[in-house]
Amino acid sequence: AESQIRDEIMNNLNFVKDVYALFGFEYKFFLSSKPEKYLGDDEVWEKAEGQLKQALDDFGLPWKENPGDGAFYGPKIDIVLYDAFGRAHQCATIQLDFQAAIRFNMMYKADDSEDSPIEALSKEFDGKKGKYFDFEPDEYDSQPFRWEERPLKPGFKRPVIVHRAVLGSIERFISILIEHNQGKWPFWISPRQVIVIPVSHLFDEYAERVNQVLKFNGFHSSVDLSNLRLNKKIRNAQLEQWNYMLIVGKEEAESGMVNVRSRDGSIVGMLNVDDLIDKLEQERQLFPKFRFSDQS
């Protein structure tokens, strides 16, 4: 309903804000107004643009007007995000569409309408004629077709359609996100979260146990059982952008601990495996499902 437009737009703006904050993007709002070629009445367009302006003002973040760049069926709010290199990408959009409801003859019973006898409604409705458009036969339909606008029934109103896209094309958004993070994924979305690195083959079994516990808790983890030297394993893990490297040797195996290093080379230090799981869970905002101590 038209009375709900502001609240719906505010909800969508808050949704976009939360999503982009999660990925660490900066962004700006643009109000795209009526283009040269459009459908509908000027009065409806002015009202719609006014409601979007009010929602943007109430939202409290700066915005600019982009004259003449609206869709042919209604004005829209375009959200332009900026990656780590300062490049602009238009992904999210929130659009008002007053035409789809007319084209599909959509209507709803208004709360403030008075009930009338069905016979009276049908008689008054059937006698009205709306706009129409004749479609010629084409490759999809060999018969001509007439679309006709049906007038509103007494006591009914047209809904307003809100088109919303937050990520836009998911493939394009992922490519933007990869470049924005330069391959260094945040832990919660990283496909390479934790890798366990034994200092020698003597500790492969312990490294495998730690890896299995991490997997049971839903982490993207692996273990490096190659014949490479320890320094080479650590270097490879850094190049492959693992968020954390867990170095395990005799001391770690005897005490049920791991030596934690981060992707940037900084040393977190010795941690009990269960404490490590708690730390990782906090980073991804989930709860542990399996404890290392449960194996004993």
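Quick notes on the rules
Residues numbered from 1 in each chain as written. Predicted model: local features only at pLDDT ≥ 70, side-chain atom pairs only at ≥ 80, totals over all residues. Heavy atoms only, no water. Axes fitted to C-alpha atoms, helices over the stretch in contact; angles between N-to-C directions. Helix = DSSP H or I, 4+ residues; strand = E, 2+ residues; numbered from the N terminus. Left-handed = near helix turned anticlockwise from the far one by under 90°. Contact = heavy atoms within 4.5 Å. Nonpolar A, V, L, I, M, F, W, Y, C, P; charged D, E, K, R; others polar. Pairing = 2+ DSSP bridges. Expected span 1.5 Å × (residues − 1). Buried < 20%, exposed > 50% of the residue type's maximum accessible area, 1.4 Å probe, protein only. Arc of directions from axis to C-beta. Polar contact = N/O pair within 3.5 Å; in protein donor to acceptor, adjacent residues only side chain to side chain.

1. Remarks on the packing of helix α6 (residues 204–216) against helix α9 (residues 273–284)
Thinking step 1. Interaxial distance between α6 and α9 falls to 11 Å at its minimum, and their mutual angle equals 35 degrees. The two elements α6 and α9 cross, and the hand of that crossing is right-handed. Contacts between α6 and α9 involve Tyr 206, Val 210, Val 213 and Leu 214 on the former and, on the latter, Val 273, Ile 277 and Leu 280.
Thinking step 2. Looking at the contact of α6 with α9, its residues break down into 7 nonpolar, no polar and no charged.

2. Quick word on the sheet that holds strand β14 (residues 267–272)
Thinking step 1. Taken in spatial order, the 5 strands line up as β11-β10-β12-β13-β14 in an open sheet, and their pairing is mixed. Each having just a single partner strand, β11 (221–223) and β14 make up the two edges of the open sheet. Taking the axes of each pair of neighbouring strands and ignoring which way they run, one obtains an average angle of 25 degrees across the sheet.
Thinking step 2. Note that strand β13 (residues 257–262) and β14 share 5 bridges and pair antiparallel. Across the sheet, residue Val 258 finds its bridge partner in β14, namely Leu 271.

3. Overview of α9
Thinking step 1. Taking 1.5 Å as the rise per residue, α9 with 12 residues should run 16 Å; its terminal C-alpha atoms sit 17 Å apart, in good agreement.
Thinking step 2. Inspection of α9 places Val 273, Asp 274, Leu 276, Ile 277, Leu 280, Glu 281 and Arg 284 among the buried residues, and these make up the whole buried set. Seen along its axis, α9 keeps its buried residues to an arc of 150 degrees; they face one direction.
Thinking step 3. Of the surrounding secondary structure, the elements contacted by the buried residues of α9 are β10 (194–198), α6, β12 (244–248), β13 and β14.
Thinking step 4. The opening residue of α9, the one whose side-chain oxygen lies 2.8 Å from the backbone nitrogen of Asp 274, is Asn 272.
Thinking step 5. Count one or two residues on from α9 and you reach Gln 285, which has phi positive near 65 degrees.

4. Examining helix α5 (residues 170–181)
Thinking step 1. Helix length check: α5 (12 residues) gives 16 Å between terminal C-alpha atoms against 16 Å at 1.5 Å per residue, within 8%.
Thinking step 2. For α5, every residue scored as buried is listed here: Phe 173, Ile 176, Leu 177, His 180 and Asn 181. Looking straight down α5, one finds that the buried residues subtend no more than 120 degrees of arc, so they occupy a single side.
Thinking step 3. If you follow the buried residues of α5, they end up packed against α1 (5–23), β3 (76–82) and β4 (88–97).
Thinking step 4. Just beyond α5, the residue with positive phi is Gln 182, at close to 50 degrees.

5. Quick notes on the sheet that holds β4
Thinking step 1. Here we have 5 strands laid out as an open sheet, ordered β2-β1-β3-β4-β9, and mixed in their pairing. This sheet does not close on itself; its edge strands, each paired only once, are β2 (63–66) and β9 (161–165). Averaged over all pairs of adjacent strands, the angle between their axes in this sheet comes to 25 degrees, without regard to strand direction.
Thinking step 2. One ladder, built from 7 bridges, connects strand β1 (residues 26–32) with β3; its direction is antiparallel. For Phe 30, the partnering residue across the bridge sits in β3 and is Asp 78.
Thinking step 3. In the packing of helix α2 (residues 42–59) onto the sheet, contacts are made with β1, β2, β3 and β4, and the angle to β1 comes to roughly 155 degrees.
Thinking step 4. Packed on one face of the sheet, α5 meets β3 and β4 and runs near 145 degrees to β4.

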